[in-house]
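Analysis of the macromolecular model
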Amino acid sequence: MLLDHPAPTVEIYRRGLQRSRAASERLRTTIDHLLVDARARARAVDRRPPT
């Protein structure tokens, strides 16, 4: 964790921000995939004939 670093430098903060950005991009991709799946399931349910 950057806040625990005894002598943080600009480079250390830069690397931390790059790691955070990469993690947020992975999370965004995961959420996008989940939304696509949910929308597909919702369309499938809507198209089923009533019983």
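The paragraphs below set out a description of the structure included in this document. Model, not experiment: these values are computed from the prediction.

All right, on to the overall build of the chain then. Secondary structure assignment for the chain yields 1 helix and 0 strands. The burial tally for the chain puts 4% of its 51 residues in the buried class.

This next bit is on the pattern of salt bridges. Counted according to the given criterion, the structure contains 3 salt bridges. Its salt-bridge partner being E11, residue R14 comes within 3.0 Å of it at the nearest N-O pair. Placement of the pair is R14 and E11 together in helix 1 (residues 10-47), with a separation of 3 residues, close to one helical turn. Take E11: its relative accessible area is 37%, and that puts it in the partly exposed class.

Bringing a nonpolar patch on the surface into the picture now. A cluster of nonpolar side chains, L27, I31 and L35, forms an exposed patch at the surface whose accessible area comes to about 260 Å². Along the chain, the position of I31 falls in helix 1. On the basis of relative accessible area, I31 is assigned to the partly exposed category, the value being 40%.

The rules we used
- Residues numbered from 1 in each chain as written.
- Predicted model: local features only at pLDDT ≥ 70, side-chain atom pairs only at ≥ 80, totals over all residues.
- Heavy atoms only, no water.
- Helix = DSSP H or I, 4+ residues; strand = E, 2+ residues; numbered from the N terminus.
- Buried < 20%, exposed > 50% of the residue type's maximum accessible area, 1.4 Å probe, protein only.
- Salt bridge = Lys/Arg side-chain N within 4 Å of Asp/Glu carboxyl O.
- Patch = residues over 30% accessible without salt bridge, like charges linked within 9 Å, V, L, I, M, F, W, Y side chains within 5 Å.
- Areas by Shrake-Rupley, 256 points an atom, 1.4 Å probe, with all protein chains shown as cover.

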